[in-house]
Amino acid sequence: MDKVKQVSWAFLRRHLLLLSLTLNLSLLSRFVYERGILPETTDHRPHQEELCFEKEIINPVCGASEQEAHVSRSSTHSSSRAQAADGGNKVINLDHGDPTMYEEYWRRMGEKSRIVMRGWDSMSYFSDLENLCWFLEPEFAKQITRLHGSVGNAVTHDRHIVVGTGSTQLFQAALYALSLLPSPHASPQQPISVVSAVPYYSSYPSVTDYLKSGLYKWEGDAYTFTKEEPYIELVTSPNNPDGFIRQPVVNRSRGIVVYDLAYYWPQYTPITSAADHDLMLFTFSKITGHAGTRMGWALVKDKEVARKMTEFIVLNTIGVSKDSQLRAAKILQVVSDGSEHMGFPEDADSFFLYAYHQMTLRWERLRDAVRHSGLFSLPEFLAQFCNYNGGFTEPHPAFAWLKCKGDIEDCESFLREHKIITRSGRHFGMEAKYVRISMLDRDEKFNLFMERLSNISL
Ligand SMILES: Cc1ncc(COP(=O)(O)O)c(C=O)c1O
């Protein structure tokens with residue numbers, strides 16, 4: 001018996017040692033990642049970089065390998081006018097659209113957003129057997145409808161709500177449903193073409209094709225799609241990466257349109273009408289910043305499409321986390337409580353007021369920095385009447401679609417030399433003269449970015 005005890009203690013000690021080593025290593029890499037400081041290294045880890053090449057989905061390892069690869073290449077092509085406060089040494093990674101800038105607001109809201117879950121709560125697979133989407137939590141459905149009602153950005157009446165693990169899962173559910181349902185659009189013999197106008201959201205090609213489905217396939221730019229066959233067109237409005245409001249471009253009889261309305265919220269664009277399309281996708285990530293909760297929803301007119309989308313999610317993940325739905329419901333409730341005033345909410349607690357002011361300030365500073373540098377240009381937007389705030393407002397997109405002027409052909413590499421990590425226009429079906437830059441990171445990183453960008457010169 002004692003021998004058994006000794007052996008198991010030795011076993012436990014060895015495991016604890018290993019665990020502590022692993023924890024130390026991961027803490028170290030987390031520290032390094034969060035600070036954007038990476039040790040000098042010549043290890044380019046090409047395999048990992050290859051894996052990270054076609055990415056949109058957040059992968060801190062990708063960020064790290066890029067940073068390391070970058071630091072090992074020394075800057076040769078250009079210089080900074082002035083040495084920045086950080087000595088120009090920190091790597092500023094703005095590749096991902098991780099909406100951490102909203103943390104500050106939620107910290108300020110304190111206990112208002114707290115939820116408590118006990119061990120016996122939400123244990124069943126099922127949420128609402130009366131609902132076609134039986135894993136949708138009624139409280140989450142209620143808060144989704146309430147929020148769209150108070151913002152006025154989408155029609156929810158006579159729509160089915162399908163919940164997903166992020167809108168990324170719903171996007172795949174939509175492709176599955178639309179390509180399988182018997183309709184005049186679909187042709188059972190071959191995969192249906194999926195297109196989107198350039199510059200398109202960089203995840204669409206890889207998420208469409210990664211399983212090499214026999215049901216649908218990525219066909220690229222909608223502007224150049226000429227096939228006389230059924231198709232699905234993805235319309236992202238406002239668009240990721242360039243922030244413009246979009247309409248379908250193919251407009252042929254055998255097409256089905258999926259609207260990705262991830263950014264149709266008042267902090268990003270004027271709300272000009274309630275979107276009223278057959279299939280609309282929304283993500284919780286970009287409204288309130290809770291990307292880690294992994295929640296999205298689809299508003300679907302056709303019952304059979306909603307049923308098939310639900311079927312996809314059942315096959316894929318047997319529903320969607322109830323814990324996440326309840327957390328998201330609470331957060332949306334706090335947002336709606338702060339939004340349901342007449343006219344533009346003046347309440348300091350209003351999330352949209354806060355987010356709108358932050359985005360306005362950031363875009364003003366970005367435009368100043370771009371003017372100061374003289375090497376870049378940005379899209380120009382027109383002000384429009386916003387029904388939500390009752391006045392004219394300009395778009396303030398979640399991403400800056402920056403173009404390098406003159407002879408700089410590869411804008412991503414150029415900025416990388418200044419330790420600014422962005423995503424090349426090539427990932428969006430465009431030229432390398434463009435890059436996409438996240439506008440949603442924390443203040444500290446954004447401030448550093450402003451300083452670095454305005455001081456870049458040839
Ligand atoms: C246009 C667009 N659609 C969908 C998504 C994915 O959202 P989720 O986090 O809900 O999967 C993003 C995220 O960046 C996006 O930009």
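Just so you know, these numbers come straight off a predicted model, no measurement behind them. Here, residues in each chain are numbered from 1, in the same order as that chain's written sequence. Totals for whole chains, interfaces and linings use every residue, but because this is a predicted model, local features are given only for residues with pLDDT of at least 70 and side-chain atom pairs only at 80 or more, for both listing and counting.

In DSSP terms, a helix is any run of H or I states spanning at least four residues, a strand is any run of E spanning at least two, and both are numbered starting from the N terminus. When its secondary structure is counted, the protein shows 13 helices and 17 strands. Residues are treated as contacting if the C-beta atoms built from their backbones sit within 7 Å of each other. Put simply, 73% of the contacts in the protein that link residues at least 6 apart link residues at least 24 apart.

Structurally, a nonpolar core is described as a collection of buried Ala, Val, Leu, Ile, Met, Phe, Trp, Tyr and Cys residues joined by way of C-beta atoms within 7 Å. Our exposure labels follow a C-beta count within 10 Å of each residue's own C-beta, placed from the backbone: buried means 20 or more other C-beta atoms, exposed means 12 or fewer, and partly exposed covers the counts in between. One finds Val-162, Ala-174, Ile-232, Ala-298 and Met-309 to be the most contacted residues of the largest nonpolar core, which totals 107 residues. Of the domains in this structure, domain 3 (81-104 + 348-457) and domain 4 (129-339) are the two that each give at least three residues to this core. Once you skip the residues sitting within four places of it in the chain, Val-162 turns out to touch Cys-133, Leu-170, Ala-173, Trp-297, Ala-298, Val-300, Ala-306, Met-309 and Thr-310. Residue ranges assigned to the domains are those given by an automatic or database domain assignment.

Take the packing of helix α11 (residues 351-373) against helix α13 (residues 443-454) next. The packing of two helices is summarised by the inter-axis angle and the distance between the axes. Relative to each other, α11 and α13 sit at 20 degrees, their axes nearing to 8 Å. On the basis of the axis angle, α11 is roughly parallel to α13. For the element pair α11 and α13, the recorded crossing hand is left-handed. Residues Arg-362, Arg-365, Ala-369, His-372 and Ser-373 of α11 form the contact with α13, whose own contacting residues are Phe-446, Met-450, Leu-453 and Ser-454. Nonpolar residues are Ala, Val, Leu, Ile, Met, Phe, Trp, Tyr, Cys and Pro. Charged residues are Asp, Glu, Lys and Arg, and all others, Gly as well, are polar. Here the residues of the contact of α11 with α13 sort into four nonpolar, three polar and two charged. Each axis is a line fitted through C-alpha atoms, taken for helices only over the stretch in contact, and angles between the N-to-C directions span 0 to 180 degrees. An angle below 35 degrees is treated as roughly parallel, one above 145 as roughly antiparallel, one from 65 to 115 as roughly perpendicular, and anything else as oblique. Take the far helix as your reference; a near helix turned counterclockwise from it by less than a right angle gives a left-handed crossing, and one turned clockwise gives a right-handed crossing.

Once that is clear, we can look at the sheet that holds strand β16 (residues 434-438). Picture the strands of a sheet paired through backbone hydrogen bonds; they go either parallel or antiparallel. Note on pairing: two strands pair once DSSP finds at least 2 bridges between them. Read across the sheet, four strands follow the order β10-β13-β16-β15 without closing on themselves; strand pairing throughout is antiparallel. Looking along the sheet, the strands with just one partner apiece sit at the ends: β10 (376-377) and β15 (423-424). Examined bridge by bridge, β15 and β16 share two bridges and lie antiparallel to one another. Bridged to Ser-424 within β16 is Val-435.

As a further point, take the site of the ligand. Residues are counted as near a molecule or strand when the C-beta atom, derived from backbone positions, lies within 6 Å of that molecule or strand. Within the structure, the ligand sits among 13 residues, and Gly-166, Ser-167, Thr-168, Thr-283 and Ser-285 are positioned closest to it. In terms of residue count, helix α6 (residues 166-180) provides more of the shell around the ligand than any other element does, three residues in total. Class assignment for the residues of the shell around the ligand results in three nonpolar, nine polar and one charged.

A separate point is the environment of Gln-333. By the secondary structure assignment, Gln-333 is in helix α10 (residues 322-339). Of the residues examined, Gln-333 has 19 C-beta atoms within 10 Å and is grouped as partly exposed.

Spatially, β3-β9-β8-β7-β6-β4-β5 is the arrangement adopted by the seven strands of the open sheet, whose pairing is mixed. Bordering the open sheet on either side are β3 (160-165) and β5 (216-221), each of which pairs with just one other strand. Direction aside, neighbouring strands of the sheet carry axes that sit 25 degrees apart on average. Against the sheet, α6 engages β3, β4 (192-196), β5, β6 (231-236), β7 (255-260), β8 (279-283) and β9 (295-300), with an angle of about 125 degrees to β3.

The next subject is the confidence of the model for the protein. Caution applies to low-pLDDT regions: their predicted coordinates should not be interpreted in detail. Looking at the protein, the pLDDT average stands at 84 and 78% of residues meet or exceed 70. Throughout residues 1-61 the model reports pLDDT below 50, and contacts reaching past four residues in sequence, or to other chains, amount to 41 contacts. Confidence of the predictor at the level of single residues is given by pLDDT, which spans 0 to 100. Within the model, pLDDT remains below 50 along residues 63-83, and this stretch shows 47 contacts once partners closer than five positions in the same chain are excluded.

Moving on: α10. Here, expected helix span is obtained from the residue count minus one, scaled by 1.5 Å. Helix length check: α10, at 18 residues, gives a terminal C-alpha distance of 25 Å against a target of 26 Å (1.5 Å per residue), a fit within 8%. For α10, the full list of buried residues reads Lys-322, Ser-324, Gln-325, Arg-327, Ala-328, Ala-329, Ile-331, Leu-332, Val-335, Ser-336, Gly-338 and Ser-339. Against α5 (138-151), β3, α8 (284-288), β9 and α11 lie the buried residues of α10.

Here Val-198 and Pro-199 are connected by a cis peptide whose omega angle stands at -10 degrees. Residue position: Pro-199 is located in the loop between β4 and α7 (203-209). Cis geometry marks the peptide bond from Ser-237 to Pro-238; its omega dihedral reads -5 degrees. Its identity as a non-glycine residue notwithstanding, Asp-158 has a phi of 60 degrees, on the positive side.

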